[in-house]
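Remarks on the overall topology
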Amino acid sequence: SQKIEQNSEALNIQEGKTATLTCNYTNYSPAYLQWYRQDPGRGPVFLLLIRENEKEKRKERLKVTFDTTLKQSLFHITASQPADSATYLCALTSGNTGKLIFGQGTTLQVKP
Amino acid sequence: EPEVTQTPSHQVTQMGQEVILRCVPISNHLYFYWYRQILGQKVEFLVSFYNNEISEKSEIFDDQFSVERPDGSNFTLKIRSTKLEDSAMYFCASDQKGGGVGYNEQFFGPGTRLTVL
């Protein structure tokens, strides 16, 4: 069956360190993979999109990698800040209708 | 910056009642979606909508659900006869290009919390 898995344990790190979040998927061949941020009681907010033919994408302190052989994406936040504390969602696009299939999310807590 | 809006922010209803959740997508977007998130669970796709018709729906989106774009701005989700298990946060989203070539990000609304008693 198709699965998207993110490390379900909360990630606690110290301010200034790099946070690395993992997204693994099985039985999908996504054309795109996206990362969203979700704060409690709010809707997801888009962060980065990476295509299947791209290995890495950067935006300010954020970096995403996409390995279609390993079926894995890594999401990095460098120089993390307490304001980065949130739940981060990995989402795959499958098909032509724009449907997003989300992982369960990883909660990041950055301690000052 | 343009944003997706949703009303109401919280809806409480009795089991068996009909509810309509409303969304105003970003004005130049062409693709519209509804997702739901049961408390503590993942965000789940319900339906995608383009050119005034459903382009894809999930198994969750059964005959009790319907969507409509009644005018040029609103996009609604109707649940005909609510069940306890319909209690969730419902998110509307929109994007410019859908899932084809040049796909880009979806913009989500703040959500409507539906509580079915």
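Our subject in this report is the structure included herewith. None of these values were measured; they are calculated from a predicted model.

Picture the strands of a sheet paired through backbone hydrogen bonds; they go either parallel or antiparallel. Residues and elements named next belong to chain B. Taken in spatial order, the 4 strands of this open sheet run β1-β3-β8-β7, and their pairing is antiparallel. Of all the strands in the sheet, the pair left with one neighbour each is β1 (5–7) and β7 (65–68). With strand direction ignored, the average angle separating the axes of adjacent strands in the sheet is 20 degrees. Note: β7 against strand β8 (residues 75–79), 4 bridges, orientation antiparallel. In the sheet register, Phe-65 faces β8, and the bridge partner there is Ile-79.

Often, the extent of an interface is quoted as the loss of accessible area on bringing the components together. Contacts between the two partners involve 23 residues from chain B and, on the opposite side, 23 residues from chain A. Surface buried jointly by chain B and chain A totals about 1,700 Å² across both partners, of which 54% is contributed by carbon and sulfur atoms. Linking chain B to chain A there are 1 salt bridge. For the salt bridge of Glu-56 of chain B with Lys-99 of chain A, the shortest nitrogen-to-oxygen distance reads 2.8 Å. Connecting chain B to chain A are 5 residue pairs in polar contact (both at pLDDT 80 or more). The set of elements that each furnish at least two residues to the side of chain B that touches chain A consists of β4 (31–37), β5 (44–50), β6 (53–57) and β9 (88–95) of chain B. Top element by residues in the side of chain B that touches chain A is β4 of chain B. It accounts for 3 residues. For the side of chain B that touches chain A, a count of residues per class yields 10 nonpolar, 10 polar and 3 charged.

What follows is about the pairing of strand β6 (residues 56–59) of chain A. All names here are of chain A. Here 4 bridges tie β6 to strand β7 (residues 62–67), and the two strands are oriented antiparallel to one another. Bridged to Lys-59 within β7 is Leu-62. The hairpin turn running from β6 into β7, its antiparallel successor, is 2 residues long, and Glu-60 in that turn takes a positive phi close to 55 degrees.

Another aspect to go through is the state of the cysteines. Applying the stated rule across the entire model yields 2 disulfides over all chains. Between the sulfur of Cys-23 of chain A and that of Cys-90 of chain A lies a disulfide, 1.9 Å long from S to S. When the S-S torsion is -55 degrees, as for the bridge of Cys-23 of chain A with Cys-90 of chain A, the disulfide is left-handed. Note that Cys-23 of chain A is positioned in strand β3 (residues 19–26) and Cys-90 of chain A in strand β9 (residues 86–93), a separation of 67 residues in sequence. For the pair Cys-23 of chain A and Cys-90 of chain A, one class covers both residues: buried. There is a disulfide in this structure between Cys-23 of chain B and Cys-92 of chain B, and the S-S distance comes to 1.9 Å. Because the sign of the S-S torsion sets the handedness, a value of about -65 degrees for the bond joining Cys-23 of chain B and Cys-92 of chain B places this disulfide among the left-handed ones. Of this pair, Cys-23 of chain B sits in strand β3 (residues 19–24) while Cys-92 of chain B sits in strand β9; the two residues are 69 residues apart in sequence, bridging distant segments of the chain. Overall, the relative accessible area of 1% leaves Cys-23 of chain B in the buried class.

In this section: the packing of aromatic side chains. Tallied over the entire structure, the rule returns 17 aromatic pairs over all chains. Ring centres of Phe-102 of chain A and Tyr-35 of chain B lie 5.9 Å apart, and the angle between their planes is 85 degrees; this geometry places the pair in the edge-to-face category. With Phe-102 of chain A in strand β10 (residues 100–102) and Tyr-35 of chain B in strand β4, this pair bridges two chains. Residues Phe-102 of chain A and Tyr-35 of chain B agree in their burial class; the two are buried. By the ring-pair criterion, three or more aromatic residues cluster together here, those being Tyr-36, Phe-46 and Phe-102 of chain A together with Tyr-33, Tyr-35, Phe-45, Phe-91 and Phe-108 of chain B.

Parameters and conventions
Residues numbered from 1 in each chain as written. Chains lettered and ligands numbered in written order. Predicted model: local features only at pLDDT ≥ 70, side-chain atom pairs only at ≥ 80, totals over all residues. Heavy atoms only, no water. Pairing = 2+ DSSP bridges. Helix = DSSP H or I, 4+ residues; strand = E, 2+ residues; numbered from the N terminus. Axes fitted to C-alpha atoms, helices over the stretch in contact; angles between N-to-C directions. Contact = heavy atoms within 4.5 Å. Buried area = accessible area lost by both parts, 1.4 Å probe. Salt bridge = Lys/Arg side-chain N within 4 Å of Asp/Glu carboxyl O. Polar contact = N/O pair within 3.5 Å; in protein donor to acceptor, adjacent residues only side chain to side chain. Nonpolar A, V, L, I, M, F, W, Y, C, P; charged D, E, K, R; others polar. Disulfide = S-S within 2.5 Å. Buried < 20%, exposed > 50% of the residue type's maximum accessible area, 1.4 Å probe, protein only. Phe/Tyr/Trp six-rings, centres within 6.5 Å; stacked < 30°, edge-to-face > 60°.

Take it as geometry only, folks, not as evidence of what the structure does.
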